[in-house]
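# Coordinates in review
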Amino acid sequence: MADTTTTPAKAEKTTRSRVLEGIVTRDKMAKTRRVEVERLVRHARYGKFVKRRTVCYAHDEANESHLGDTVEIVESRPLSKLKRWNLVRIVKKAPSRTLSNLEGAVAGADAAAAPKAEEKK
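In short, a report on the structure. (Residues numbered from 1 in each chain as written. Predicted model: local features only at pLDDT ≥ 70, side-chain atom pairs only at ≥ 80, totals over all residues. Heavy atoms only, no water.)

Take the overall build of the chain next. Helix and strand counts for the chain stand at two helices and five strands. Seen in sequence order, the chain has helices and strands lined up from the N terminus as β-β-β-β-β-α-α. Out of the 121 residues in the chain, the part that is buried amounts to 21%. Considering only intrachain contacts with a sequence separation of at least 6, the fraction spanning at least 24 residues in the chain is 48%. (Helix = DSSP H or I, 4+ residues; strand = E, 2+ residues; numbered from the N terminus. Buried < 20%, exposed > 50% of the residue type's maximum accessible area, 1.4 Å probe, protein only. Contact = heavy atoms within 4.5 Å.)

Strand residues, when the strand is regular, have side chains that alternate between the two faces of the sheet. Bridging between strand E2 (residues 32–42) and strand E3 (residues 49–59) involves 11 bridges; their strand directions are antiparallel. Residue pairing for E3: Glu36 is matched across the bridge by Val55. Between the antiparallel neighbours E2 and E3 lie six residues, among them Gly47 with a positive phi of about 80 degrees. Alignment of E3 against strand E5 (residues 83–92), held across three bridges, turns out to be parallel. Within E5, the position partnered with His59 by the bridge is Asn86. (Pairing = 2+ DSSP bridges.)

In short, shape yes, function no, at least from these values alone.
Here is the structure:
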């Protein structure tokens, strides 16, 4: 009498992909967007919360996101040397501005430039 025991099927490892929300800071590449994700980190010694940012390159198949848009990205397999993320959806479209105002701008920089323009008049 041979003892025939069946081995249970291997439980598949189910890990969820990371989902992040960030702002598109560069859209000049075809089907690729540079997305900056900001986070707050507590300083080890002083305990103050410091802003840190992570730069992710995301694949945007339809080229639908543009500079300044808030987007949701999900982690994926490596698509190229830098791309490891896919664009899921556009959370909020950027207000329509000319590209020259946005290119190379830092968040809040346009608010600081407005008073200087009024002083010159």
